[in-house]
Amino acid sequence: MELAYIPSPSHGVLYLGPIPLRGYAFCIIIGVFVAVWLGNKRWIARGGQSGTVADIAVWAVPFGLVGGRLYHVITDYELYFSKGRDWVDAFKVWEGGLGIWGAIALGALGAWIGARRRGVPMPAYADAVAPGIAIAQAIGRWGNWFNQELYGRETHVPWALHITSAEGGRVPGYYHPTFLYESLWCVGVAALVIWADRRFKLGHGRAFALYVAAYCVGRGWIEYMRVDDAHHILGLRLNDWTALVVFLLAVVYIVVSSKKRPGREAVVEPDAPGTPAGAGTEAEGGEEADGGTDSEGGTEAVAGVGEKTPRSGEPRKDETEPAEKS
């Protein structure tokens, strides 16, 4: 007899009349709103305008959903295109099945399009929304709880997940709640990125790369615990290999970017209120600029480029020598 466990919901969908309200979809929607809200706060703190994050998210979110579904369908094609399966099920996103790798990849493409249209640097935008994406993943993983899917090996720990459904080849019992492990890990990743960004002033996409690397570390050991069907390469699940490759790419990016473009972008949105006229998206040499006027040379620059002011007490040239005749 189990004295403690995490119960599974008896239903993953509620009906408001003829309208189905699915827990999986609700988790995704809530996660998106939280990501945009947090990203907007961080963007404003960096000097951007309120609303920019949401405007770009209008492009990023649909691309991300399509990318996440494509990755899942391609890597688990036998669930939809093998004998006895209905290929129409590949479009039923509400039943679960979004690959984070495809969601991030195609979502980044959508964000790039939105950032280009808005006229803001994509790396700075990615840095601003990185912790929010991790929080969105933490919330979205609870959608797997509503669907009773993506759990780990059988266990009898007090926090075991009680699976009650026998559909789709499930065997009722008590299993590791890998959805909960990943949710908590993502919260930790968000906290890590926020702390590191404040401590080291991460810029040029390095905060986003840190999020990617930290997430991959957690996904590696969590993926190893799962028991759902998956493709294996040299004894490891496909997602483990993906996490390893993406982790290495993220670390390489952090190292190379730190050397080539140190510091943080001075200006992330040229049209934002308070931005100096003519300011670019990054300071010379990759260091932050305060956008102020040089106390010693600023006035001279306004008077004329290259014009020198005579020393105090010395007469001007035009006062001592007559002008040349024309």
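Residues numbered from 1 in each chain as written. Predicted model: local features only at pLDDT ≥ 70, side-chain atom pairs only at ≥ 80, totals over all residues. Heavy atoms only, no water.

Novice: Explanation requested: the sheet that holds strand β1 (residues 6–7) in the structure shown.
Specialist: Strand pairing in a sheet relies on backbone hydrogen bonds. The paired strands run either parallel or antiparallel. In space, the three strands of this open sheet follow the order β1-β4-β5, with mixed pairing throughout. Each edge of the open sheet carries a strand with a single partner, namely β1 and β5 (173–175). Judged from the three bridges that link them, strand β4 (residues 161–163) and β5 form a sheet pairing that is antiparallel. By the bridge assignment for β5, histidine 162 is matched with tyrosine 174. (Pairing = 2+ DSSP bridges. Helix = DSSP H or I, 4+ residues; strand = E, 2+ residues; numbered from the N terminus.)

Novice: How should I be thinking about the environment of alanine 111 in this particular structure?
Specialist: Position of alanine 111 among the secondary structure elements: in helix α4 (residues 100–118). Spatially, the C-alpha atom of alanine 111 lies 8.4 Å from that of phenylalanine 63, the residues being 48 residues apart in sequence. Ignoring sequence-local partners within four residues, the contact set of alanine 111 consists of Ile56, Ala60, Met122 and Tyr125. (Contact = heavy atoms within 4.5 Å.)

Novice: What is the right way to read the side chain of asparagine 239 from this model?
Specialist: Position of asparagine 239 relative to the elements: it lies in helix α9 (residues 238–260). Within the structure, the side chain of asparagine 239 is placed 3.2 Å from the side chain of tryptophan 101, a separation counted as a polar contact. The contact partners of asparagine 239, leaving out residues within four places of it in the chain, are Tyr71, Trp101, Arg219 and Glu223. (Polar contact = N/O pair within 3.5 Å; in protein donor to acceptor, adjacent residues only side chain to side chain.)

Novice: It is not clear to me how the environment of serine 183 should be interpreted in this structure. Could you clarify?
Specialist: For serine 183, the location among the structural elements is in helix α7 (residues 178–200). A relative accessible area of 6% places serine 183 in the buried class. Taking the C-alpha atoms as reference points, serine 183 and alanine 136, 47 residues apart in sequence, are found 9.3 Å from one another. Setting aside anything within four residues of it in sequence, one finds serine 183 in contact with Ala138, Arg141 and Trp142. (Buried < 20%, exposed > 50% of the residue type's maximum accessible area, 1.4 Å probe, protein only.)

Novice: Sorry if this is basic, but what is going on with the pattern of salt bridges here?
Specialist: Evaluation of the coordinates by the stated rule reveals 13 salt bridges. Notably, a salt bridge pairs arginine 118 with aspartate 55, separated by 2.4 Å at the nearest N-O pair. Of this pair, arginine 118 sits in helix α4 while aspartate 55 sits in helix α2 (residues 52–75); the two residues are 63 residues apart in sequence, bridging distant segments of the chain. Since its relative accessible area comes to 37%, aspartate 55 is described here as partly exposed. Two residues, arginine 219 and glutamate 182, come together in a salt bridge whose shortest N-O distance is 4.0 Å. Here the residue arginine 219 occupies a position in helix α8 (residues 206–225), and glutamate 182 occupies one in helix α7, the gap between them amounting to 37 residues. Connected via shared salt-bridge partners are Arg141, Glu182, Arg219, Glu223, Arg226, Asp228 and Arg237. (Salt bridge = Lys/Arg side-chain N within 4 Å of Asp/Glu carboxyl O.)

Novice: Got a minute to help me understand unusual backbone geometry in this structure?
Specialist: Trans is the prevailing form of peptide bonds, just as negative phi is the prevailing case for residues other than glycine. Of note, the phi angle at glutamine 148 is positive, near 55 degrees, even though the residue is not glycine. Along the chain, the position of glutamine 148 falls in the loop between α6 (142–147) and β4. In this structure glutamine 148 comes out as buried when scored by relative accessible area, which is 6%. In this model, lysine 201 sits at a positive phi of 55 degrees, which is unusual for a non-glycine residue. Counting through the fold element by element, lysine 201 comes out in the loop between α7 and α8.

Novice: Help me understand empty space enclosed by the protein in this model?
Specialist: Think of a ball as big as a water molecule: rolled over the atoms, this probe shows where empty space is left. Inspection of every chain in the model, using the stated rule, returns one cavity of 30 Å³ or more. It is α7 that contributes the most residues to the lining of the largest cavity, three residues altogether. When its residues are assigned to classes, the lining of the largest cavity shows three nonpolar, two polar and three charged. (1 Å grid on protein atoms, 1.4 Å probe; cavity = no way out; pocket = protein on both sides within 12 Å on 5 of 7 lines; lining within 4 Å. Points joined across faces, edges and corners; volume = space filled by probe spheres on them. Nonpolar A, V, L, I, M, F, W, Y, C, P; charged D, E, K, R; others polar.)

Novice: What should I look at first to understand the packing of aromatic side chains in this one?
Specialist: Note on aromatic pairs: each is described by the distance of the centres and the angle between the planes. Counted under the stated rule, the structure contains 12 aromatic pairs. Here tyrosine 5 and tyrosine 174 contribute two aromatic rings whose centre-to-centre distance is 5.4 Å and whose plane-to-plane angle is 65 degrees, an arrangement assigned as edge-to-face. Taken as a pair, tyrosine 5 in the segment before β1 and tyrosine 174 in strand β5 lie far apart in primary sequence, 169 residues in all. By relative accessible area, which is 35% here, tyrosine 5 ends up partly exposed. Plain terms: the ring middles of tryptophan 142 and tryptophan 145 are 5.7 Å apart, the flat faces sit at 75 degrees to each other, and that makes the pair edge-to-face. Taken together, the residues span about one helical turn, with tryptophan 142 and tryptophan 145 both in helix α6 at a distance of three residues. A relative accessible area of 19% means that tryptophan 145 is categorised as buried. Linked through ring pairs, Trp142, Trp145, Phe146 and Phe179 together constitute an aromatic cluster. (Phe/Tyr/Trp six-rings, centres within 6.5 Å; stacked < 30°, edge-to-face > 60°.)

Novice: Can you walk me through the packing of helix α5 (residues 122–140) against α8 in this structure?
Specialist: Geometrically, a packed helix pair is captured by the angle between its two axes and the distance between the axes. Where α5 meets α8, the closest approach of the two axes is 7 Å, and the angle between their N-to-C directions is 25 degrees. Here α5 lies roughly parallel to α8, going by the angle between them. Where α5 crosses over α8, the two elements pack in a sense that is left-handed. Of α8, the residues touching α5 (which contributes Ala126, Asp127, Ala130, Ile133, Ala134 and Gln137) are Arg206, Ala207, Phe208, Tyr211 and Tyr215. Among the residues forming the contact of α5 with α8, the class breakdown is eight nonpolar, one polar and two charged. (Axes fitted to C-alpha atoms, helices over the stretch in contact; angles between N-to-C directions. Parallel < 35°, antiparallel > 145°, perpendicular 65-115°, else oblique. Left-handed = near helix turned anticlockwise from the far one by under 90°.)

Note that all results are geometric; they support no functional claim without further evidence.
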